[in-house]
Amino acid sequence: MAATVAMHETTLTAAGDTAAAAALPMDEETFRAFYDRTARGLWSYLSRITGDRQLADDLVQETYYRFFRAGAVHADENHRRNSLFQIATNLGRDAMRRGRRRGTDVALPDEESAAALTVTTDIAATIAGRADLAKAMARLTPSQRELVWLAYAQGASHQDIADIVGVKVGSVKSLLFRARRKLAGFLGGERSTP
Amino acid sequence: MTTVCEREELLLEVVRAGRWTQIGGEELSSHIAACTSCAELVAVASALAVDHQAALHDAPVPPSGLVWWRMQKRAREEALRAANRTVTTIQAVSIAAGVAIALLILGTFADMQSLLHGAKEFMTIHLPAHVASGSAMSQWSVPLALAVLTCFALAPVALYFAFARD
């Protein structure tokens, strides 16, 4: 039997209408453009919430496949992105629940990448700072890591965070506040530790 | 207790811009020194912003073309597996139904033989000879059973083509 892949190519009634284009299931070109825009951010998110780079590699592939297979229609780019991160969040939680998490092994930047961060930041301080952050993040709960990363690393709005992690918008503010306070406390502790 | 400073939004924008010490100025620095909530925000947001930039730079993501190809391949394999599962299920159900029907027919046939035997004896005693030979009905039982079994054997094939079109 010939396998049918659920990739629909529908003709746009209004050419150039980006809103309509976003509402269509993905063709190859759309997918590749979307992937190029989101893959690095998604990998960063997964590697930081799981604390495992290798697991993040696997989860990125799985996330895109699930997203593709769902064939969902999205109103706009933001909605599409939120759906992708929502799938990633659920996969990350499942993986950690299964005990696949092997501990924090957030890689420290090499000299080149560290220098690329900012010319005014001292490399050693950056590396040390990232090591401290990795340790502090590891002490948060997975859902707290999700919240702080989405809010402060990716700059997601409270509404986007609520969509991605599956909580009410009203709860995001207080949950985020608690997670941030905890992380700040851990960071202070890590930095004061010789 | 949640005590969020009203200047957090502004502060967060400045931190995200990556130059909060330059943009913020003296006034903002004094505020951060005095406000615990804003101090925490700056500590956390700055650390995460730096780490995010580094993670984006380091992310070992495969090229989009390769990911697309892998997804297509996996989707085809899954579709094939799903189709095979459907066909196998239909065949198993059909075979089970066929066997059940065959057993039912054989049972009925055995009952009919004994009934016909009784009827034949009755007719031989009470009816004329040409009427008594009406047991020809029993001769049709085997072809009938074969026809029914053939239908059940062909049913999976018909169902397969019906589902294959979908």
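Just so it is clear, the structure is predicted and the values come from calculations on it, not from any experiment. (Residues numbered from 1 in each chain as written. Chains lettered and ligands numbered in written order. Predicted model: local features only at pLDDT ≥ 70, side-chain atom pairs only at ≥ 80, totals over all residues. Heavy atoms only, no water.)

> Describe the overall build of chain A, with residues and values.
A count of helical and extended segments in chain A gives nine helices and zero strands. Listed N to C, the secondary structure of chain A is α-α-α-α-α-α-α-α-α in terms of helices and strands. Expressed as a percentage of the 194 residues in chain A, the buried residues total 43%. For chain A, restricting intrachain contacts to residue pairs at least 6 apart in sequence, the fraction spanning at least 24 positions comes to 66%. Total accessible area computed for chain A in this model is approximately 9400 Å², and 51% of it derives from carbon and sulfur atoms. (Helix = DSSP H or I, 4+ residues; strand = E, 2+ residues; numbered from the N terminus. Buried < 20%, exposed > 50% of the residue type's maximum accessible area, 1.4 Å probe, protein only. Contact = heavy atoms within 4.5 Å. Areas by Shrake-Rupley, 256 points an atom, 1.4 Å probe, with all protein chains shown as cover.)

> Kindly report on the environment of A:R48, identifying the contributing residues and their values.
Residue and element names in this part refer to chain A. If you trace the backbone, R48 turns up in helix α2 (residues 28-50). For R48 and W149, which are 101 residues apart along the polypeptide, the C-alpha to C-alpha distance reads 7.8 Å. Of note is the side chain of R48, whose polar atom sits 2.8 Å from the side chain of S47. (Polar contact = N/O pair within 3.5 Å; in protein donor to acceptor, adjacent residues only side chain to side chain.)

> Tell me about the confidence of the model for chain A, and name the residues and values.
Residue and element names in this part refer to chain A. Per-residue pLDDT for chain A averages 77, and the proportion of residues at 70 or more is 69%. Per-element confidence in chain A ranges from a low mean pLDDT of 44 for helix α1 (residues 18-22) to a high of 94 for helix α8 (residues 158-165). Across residues 1-24, where pLDDT falls below 50, the model places 31 contacts with residues more than four positions away in sequence or in other chains. Below pLDDT 50 for its whole length, residues 103-121 participates in 30 contacts with residues either more than four positions away or in separate chains. (pLDDT = per-residue confidence, 0-100.)

> Please set out the interface of chain B and chain A residue by residue, giving values where relevant.
Facing 46 residues of chain B, the contacting portion of chain A comprises 49 residues. Carbon and sulfur atoms make up 65% of the surface buried where chain B meets chain A, a total of about 4400 Å² over both sides. It is B:L48, B:W68 and B:M71 that lose the most area in chain B upon contact with chain A, and together they represent 15% of the buried surface on that side. On inspection of chain B and its partner chain A, the count reaches five salt bridges. With its nearest N and O atoms 2.7 Å apart, the salt bridge here joins B:E8 to A:R180. Where chain B touches chain A, the interface holds 14 residue pairs in polar contact (both at pLDDT 80 or more). (Buried area = accessible area lost by both parts, 1.4 Å probe. Salt bridge = Lys/Arg side-chain N within 4 Å of Asp/Glu carboxyl O.)

> Any details on the packing of aromatic side chains? Residues and values, ideally.
A full pass over the atoms with the stated rule returns eight aromatic pairs over all chains. Aromatic side chains A:F68 and B:W68 sit 5.7 Å apart centroid to centroid with 75° between the ring planes, which places their arrangement in the edge-to-face category. Pair noted here: A:F68 is in helix α3 (residues 53-70) and B:W68 is in helix α4 (residues 64-126), and the two residues belong to different chains. A:F68 sits in the buried class, given a relative accessible area of 8%. Looking at B:W68, the relative accessible area reads 8%, which means it is buried. Members of the aromatic cluster, each reached through a chain of ring pairs, are A:F31, A:Y35, A:Y64, A:Y65, A:F68 and B:W68. Here A:R80 stacks its cationic end above the ring of A:F34, 5.8 Å away from the centre of that ring. (Phe/Tyr/Trp six-rings, centres within 6.5 Å; stacked < 30°, edge-to-face > 60°. Lys NZ or Arg CZ within 6 Å of the ring centre and 35° of its normal.)

> Go over α8(A), please, and point to the residues and values.
Here α8(A) has its buried residues at A:D160, A:I161, A:A162, A:I164 and A:V165. A positive backbone phi angle near 75° is found at A:G166, which sits one or two residues after α8(A).

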